[in-house]
Amino acid sequence: MNDPVQVLQALPCLQQLALFRASVVEQMCFETSGFQKLKHLYIGLLMGLKRVNIENGALPQLETLKVGPCPQLEELPLGIRHLTPLTSLEFIDLPEELKLSMIPSKGRNYEIVEHIPNVLFLQRFSRYSTQSLRELAN
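Because the structure is predicted, anything quoted here is derived from the model rather than measured.

A closer look at the sheet that holds strand S1 (residues 16–20)
- Spatial strand order, S1-S3-S5-S6-S7-S8: six strands in an open sheet with mixed pairing. Only two strands of the sheet have a single neighbouring strand rather than two, namely S1 and strand S8 (128–132). The average angle at which neighbouring strand axes cross in this sheet is 10°, direction not considered.
- Relative to strand S3 (residues 40–44), S1 is paired through five bridges, and the arrangement is parallel. Along S3, the bridge assignment pairs Gln16 with His40.

Remarks on the side chain of Ser132
- Within the element layout of this structure, Ser132 appears in strand S8.
- Not counting the four nearest positions on each side in its chain, Ser132 is found in contact with Val119, Leu120 and Phe121.

As for the pattern of salt bridges
- Taken as a whole and judged by the stated rule, the model has five salt bridges.
- One salt bridge in this structure joins Glu111 and Arg81, with 3.0 Å as the shortest N-O distance. A residue pair is termed long-range when its members are at least 10 positions apart, and Glu111 in helix H3 (residues 110–113) and Arg81 in the loop between strand S5 (64–67) and strand S6 (88–92) qualify at 30 residues.
- In this structure Glu111 comes out as partly exposed when scored by relative accessible area, which is 49%.
- Between Glu97 and Arg108 there is a salt bridge, and its shortest N-O distance comes to 3.6 Å. Here the residue Glu97 occupies a position in helix H2 (residues 96–100), and Arg108 occupies one in the loop between H2 and H3, the gap between them amounting to eleven residues.
- Residue Glu97 is classed as exposed on the basis of its relative accessible area of 59%.

A closer look at the environment of Pro104
- On the secondary structure map, Pro104 appears in the loop between H2 and H3.
- What makes Pro104 partly exposed here is its relative accessible area of 24%.
- Taking the C-alpha atoms as reference points, Pro104 and Glu114, ten residues apart in sequence, are found 7.9 Å from one another.

Considerations on the confidence of the model for the chain
- Taken as a whole, the chain shows an average pLDDT of 88; of its residues, 95% reach a score of 70 or greater.
- Per-element confidence in the chain is highest for S5, whose mean pLDDT is 96, and lowest for helix H4 (residues 133–137), whose mean pLDDT is 81.

Re the nonpolar core
- Among the nonpolar cores identified, the biggest contains 38 residues, and Phe30, Leu59, Leu65 and Val113 are the most heavily contacted of them.
- Once residues lying within four places of it in the same chain are set aside, the contact partners of Val113 are Leu76, Ile80, Leu89, Met102, Val119 and Leu133.

Focus on unusual backbone geometry
- The peptide bond linking Gly68 to Pro69 adopts the cis configuration, its omega dihedral lying at -5°.
- Structurally, the position occupied by Pro69 is in the loop between S5 and S6.
- Phi at Phe35 takes a positive value of approximately 55°, unusual for a residue other than glycine.
- Mapping Phe35 onto the fold places it in the loop between strand S2 (27–30) and S3.

The rules behind these values
Residues numbered from 1 in each chain as written. Predicted model: local features only at pLDDT ≥ 70, side-chain atom pairs only at ≥ 80, totals over all residues. Heavy atoms only, no water. Pairing = 2+ DSSP bridges. Helix = DSSP H or I, 4+ residues; strand = E, 2+ residues; numbered from the N terminus. Axes fitted to C-alpha atoms, helices over the stretch in contact; angles between N-to-C directions. Contact = heavy atoms within 4.5 Å. Salt bridge = Lys/Arg side-chain N within 4 Å of Asp/Glu carboxyl O. Buried < 20%, exposed > 50% of the residue type's maximum accessible area, 1.4 Å probe, protein only. pLDDT = per-residue confidence, 0-100. Core = buried A, V, L, I, M, F, W, Y, C linked by side-chain atoms within 4.5 Å.

Below, the structure is given as structure tokens:
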């Protein structure tokens, strides 16, 4: 199947988007000119998704990004560092290796998320529990 982002990113006034069980693509790409007004994005339950690429200039007004569960995700979405207005980044059932890669001063991916005030991890055990990046670091 084709990347649904390619079709939707040209919608000029879209402010919220949930891609939930939307596709079986391995990779999504948010292009430079895409989603110029989008403020809230949720990417969830995309079972085959391995990579998300966010080009510099894409999603210039994005405030909140939720990702997961995406069990095949191999790396943090490339380009998160370009999302300067982002105030909340939430990962749901993120693989432990990726979660630990964001720990301040230890994680190889911390510089990608350090500008975001609220980085949260929701993990389901018997119910969902929430942990912030700050709590994880301590």
